[in-house]
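Tertiary structure, described
Each chain, letter by letter, is given below.
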Amino acid sequence: MAHDAGDDGGELPPPAKKKTPAEEAAEKRRKKLTPGSLMKGLIRSGSGDATPADGDQVIIHCTTRTMDGIVVNSTRREHGGKGIPLRFVLGKSKMILGFAEGFPTMLKGEIAMFKMQPKIHYAEDDCPVTAPDGFPKDDELQFEIEMLDFFKAKVVAEDLGVVKKIIDEGKGWETPREPYEITARITARTADGKEIIPSNKEAYFFTIGKSELEDLEEVHFDVELIQFIQVRDMLGDGRLIKRRVVDGKGEFPMDCPLHDSLLRVHYKGMLLDESKSVFYDTRVDNDGEPLEFCSGEGLVPEGFEMCVRLMLPGEKSIVTCPPDFAYDKFPRPGNVPEGATVQWEIELLGFEMPKDWTGLTFEEIMDEADKIKNTGNRLFKEGKYELAKAKYDKVLREYNHVHPHDDEEGKIFANSRSSLQLNVAFCYQKIGEYRKSIETCNKVLDANPVHIKALYRRGTSYMLLGEFDDARNDFKKMITVDKSSEADATAALLKLKQKEQEAEKKARKQFKGLFDKNPGEISEVGAAESEGGKDSGDMKSSGEATSSDRDADTKGGPSGESEYAFEEERPGLLGRVWPSARRIFSSLGLNRCTIL
């Protein structure tokens with residue numbers, strides 16, 4: 001009885017698997033086969049029952065004859081060949097259609113004769129390979145094939161220039177790459193069996209990317225990888241190098257301290273002089289106790305922290321570090337000269353991840369946020385604006401998952417988030433990212449359009465960008481919104497007027513006499529101005545602070561605050577309910593981890 005496709009008694013056939021372009025091309029070629037175009041005769045049986053499949057490399061000897069038995073081409077020495085077998089990877093190598101259809105029918109060790117019509121070998125339409133010179137491609141031919149071997153191959157180079165056969169599987173997940181240091185036993189032979197690197201009990205040591213071999217047409221290597229040392233070029237220019245000499249435990253990079261963590265390390269610092277002078281050793285100079293530090297807080301040299309973040313617990317590494325990532329930008333030990341390249345031997349004993357906020361009460365969450373924020377404030381005071389910004393950004397990311405339960409918690413949460421965003425905005429100001437500072441202030445003003453500090457900070461960024469009208473609007477709005485901010489706004493407007501005058505003076509000087517000259521003299525005016533040097537009244541560049549700028553950094557914030565003032569500690573419940581009470585608490589900047 002017939003059933004519809006939707007009847008309970010019938011099932012829909014599984015959807016047809018979409019063919020790959022290679023499969024479609026092979027099927028199209030296969031349609032060229034007609035009865036009698038490809039014939040096979042067995043000369044010698046092979047062994048086993050396995051036959052080659054797609055992805056296998058086949059190794060064959062081939063002798064091609066005319067139907068009269070005349071040899072026209074061969075790989076065998078006795079027939080004028082070089083004695084070098086041919087190698088193909090089924091499904092990847094370009095070959096005549098007769099080979100593509102004949103090889104998968106053969107067993108290992110088998111010898112067979114394939115009779116092919118011209119359209120099945122080199123006279124095929126759009127044949128992917130070219131016939132040798134003088135080859136009778138328009139004749140019916142006989143191809144004697146001996147299947148020497150076949151095996152599953154790993155194609156290393158897309159052009160099939162390097163193909164690998166795995167004899168014994170290795171252990172672990174990591175594979176060496178440039179510039180890793182390798183220890184291996186290697187034997188190398190030419191394609192005809194001539195030994196060019198003899199078998200040797202002694203292993204070879206070399207660095208990937210720096211070894212050379214004589215230019216030969218084809219070389220077969222037998223390689224036993226004994227050991228490799230992971231070498232990382234941390235900056236990509238060969239100056240900061242990390243060499244792992246003892247493996248750690250865990251899976252890379254998931255079990256590395258990528259995020260800000262409490263780290264425990266033993267390390268020994270040495271100068272790269274003739275005697276490799278040791279300038280510090282935790283096992284000697286720290287009473288045998290390891291160094292403990294929190295990453296992301298600028299507590300160790302940048303190169304040191306970059307490398308530790310990519311270590312696994314228990315790992316030992318040797319780090320060679322240039323001066324600008326070592327002690328030239330960090331408090332330098334007395335016995336380390338300026339400009340010294342150093343080497344650290346570092347052992348990562350372990351690390352503790354930051355506390356997970358999941359399951360914490362709102363009060364506990366705010367306490368954790370204040371701890372991170374206060375670290376950011378310290379970094380800001382130290383001038384580490386990017387590191388400070390990263391700390392504030394971290395808290396703001398965590399805040400995306402915080403949901404206050406009532407209006408009181410909502411007020412506390414909103415005030416804390418606005419404070420953090422303004423800290424981020426001020427950090428952007430300090431590093432010259434004025435447009436990003438404005439964008440961050442806008443987030444605060446979107447939630448509270450009359451936020452005095454946000455108006456002040458955005459106005460300052462507009463002023464530093466030279467967008468004076470927008471800056472004036474923000475400073476005037478401060479007075480309209482809150483009369484108590486009039487003194488700060490008035491001071492800002494005076495500074496704005498000074499900036500406008502400086503800009504106007506610079507413009508006048510730049511175009512001085514431009515329109516008093518004949519057209520052909522204009523370029524000479526520009527040249528004269530460039531040679532004349534800067535006038536002492538020129539406007540400072542965006543990266544150079546004027547004396548009035550420095551005054552603003554310490555005095556000019558709204559309501560008598562320092563412009564970079566943020567809450568250094570969280571006030572009590574009363575201060576949270578009335579946010580204005582928080583003005584008595586000063587705070588600071590921003591943190592970004594520049595390492596990863």
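Please read all numbers here as calculations on a predicted model, not as lab measurements. (Residues numbered from 1 in each chain as written. Predicted model: local features only at pLDDT ≥ 70, side-chain atom pairs only at ≥ 80, totals over all residues. Heavy atoms only, no water.)

Things to note about the UniProt feature "repeat: TPR" (unreviewed entry) in the protein chain
In the numbering adopted here, UniProt assigns the feature "repeat: TPR" (unreviewed entry) to residues 418-451 and 452-485. Helix makes up 79% of residues 418-451 and strand 0%, with an end-to-end C-alpha separation of 9 Å. (UniProt positions renumbered as here; feature names shortened; annotations may be inferred. Helix = DSSP H or I, 4+ residues; strand = E, 2+ residues; numbered from the N terminus.)

Quick look at the packing of aromatic side chains
In the structure shown here, the tally under the stated rule is 17 aromatic pairs. Ring plane angle 80° and centroid distance 5.2 Å describe the contact between Tyr267 and Phe304, whose orientation is recorded as edge-to-face. Of this pair, Tyr267 sits in strand 15 (residues 262-271) while Phe304 sits in helix 4 (residues 302-308); the two residues are 37 residues apart in sequence, bridging distant segments of the chain. In this structure, Tyr267 and Phe304 share a single accessibility class: buried. Ring centres 5.2 Å apart and planes at 75° place the aromatic pair Phe304 and Trp344 in the edge-to-face group. Of this pair, Phe304 sits in helix 4 while Trp344 is found in strand 19 (residues 342-352), placing the two residues 40 residues apart along the sequence. Classification of Phe304 as buried rests on a relative accessible area of 2%. Judged by its relative accessible area of 0%, Trp344 falls in the buried class. Here the basic side chain of Lys108 rests over the ring of Phe150, its NZ or CZ set 5.3 Å away from the ring centre. Geometry around Phe426 places Arg457 over its ring, the cationic atom sitting 4.5 Å from the centre. (Phe/Tyr/Trp six-rings, centres within 6.5 Å; stacked < 30°, edge-to-face > 60°. Buried < 20%, exposed > 50% of the residue type's maximum accessible area, 1.4 Å probe, protein only. Lys NZ or Arg CZ within 6 Å of the ring centre and 35° of its normal.)

Some words on the pattern of salt bridges
With the rule as written, the count across this model stands at 32 salt bridges. The residue Lys389 makes a salt bridge to Asp393 at a minimum N-O spacing of 2.5 Å. One end of the pair, Lys389, and the other, Asp393, are both in helix 6 (residues 385-399), four residues apart, so they sit about a helical turn from each other. In this structure, Lys389 and Asp393 share a single accessibility class: buried. Close ionic contact of Glu467 with Arg435 constitutes a salt bridge, the shortest N to O distance being 2.5 Å. (Salt bridge = Lys/Arg side-chain N within 4 Å of Asp/Glu carboxyl O.)

Comments concerning the pairing of strand 16 (residues 278-281)
Two elements, strand 15 and strand 16, share three bridges in a ladder whose sense is antiparallel. Its bridge partner being in strand 16, Gly269 is matched across the sheet by Tyr280. What sits between the antiparallel neighbours strand 15 and strand 16 is a turn of six residues, in which Lys276 has the positive phi angle 50°. (Pairing = 2+ DSSP bridges.)

Some thoughts on the packing of helix 8 (residues 434-447) against helix 9 (residues 452-465)
Closest axis-to-axis distance for the helix 8/helix 9 pair is 9 Å, and the angle between their directions is 160°. If you check the angle between helix 8 and helix 9, you find them roughly antiparallel. The way helix 8 lies across helix 9 gives a crossing that is left-handed. Judged by residue contacts, Tyr434, Arg435, Ser437, Ile438, Cys441, Asn442, Val444 and Leu445 of helix 8 engage Ala454, Leu455, Arg457, Arg458, Ser461, Tyr462, Leu464 and Leu465 from helix 9. Within the contact of helix 8 with helix 9, the residues separate by chemical class into ten nonpolar, three polar and three charged. (Axes fitted to C-alpha atoms, helices over the stretch in contact; angles between N-to-C directions. Parallel < 35°, antiparallel > 145°, perpendicular 65-115°, else oblique. Left-handed = near helix turned anticlockwise from the far one by under 90°. Contact = heavy atoms within 4.5 Å. Nonpolar A, V, L, I, M, F, W, Y, C, P; charged D, E, K, R; others polar.)

Structural notes on the packing of helix 5 (residues 362-381) against helix 7 (residues 407-430)
Angle between the axes and distance between the axes are the two parameters that describe a pair of packed helices. In contact at an axis separation of 12 Å, helix 5 and helix 7 are set at 15° when each is read in the N-to-C sense. Considered as vectors, helix 5 and helix 7 are oriented roughly parallel to each other. Viewed along their axes, helix 5 and helix 7 form a crossing whose handedness is left-handed. Counting all contacts with helix 5, which are made through Phe362, Met366, Lys373, Asn377 and Phe380, the residues of helix 7 involved are Glu409, Ile412, Phe413, Ser416, Ser419, Leu420, Asn423, Phe426, Cys427 and Lys430.

A word on the side chain of Arg458
For Arg458, the location among the structural elements is in helix 9. Not counting residues within four places of it along the chain, the set of residues in contact with Arg458 comprises Ile438, Cys441, Asn442, Leu445 and Asp474.

Notes on helix 11 (residues 486-510)
With 25 residues, helix 11 extends 36 Å between its outermost C-alpha atoms, agreeing within 8% with the 36 Å of an ideal straight helix rising 1.5 Å per residue. Buried within helix 11 we find Asp488, Ala489, Ala492, Lys495, Leu496, Lys499 and Glu502. (Expected span 1.5 Å × (residues − 1).)

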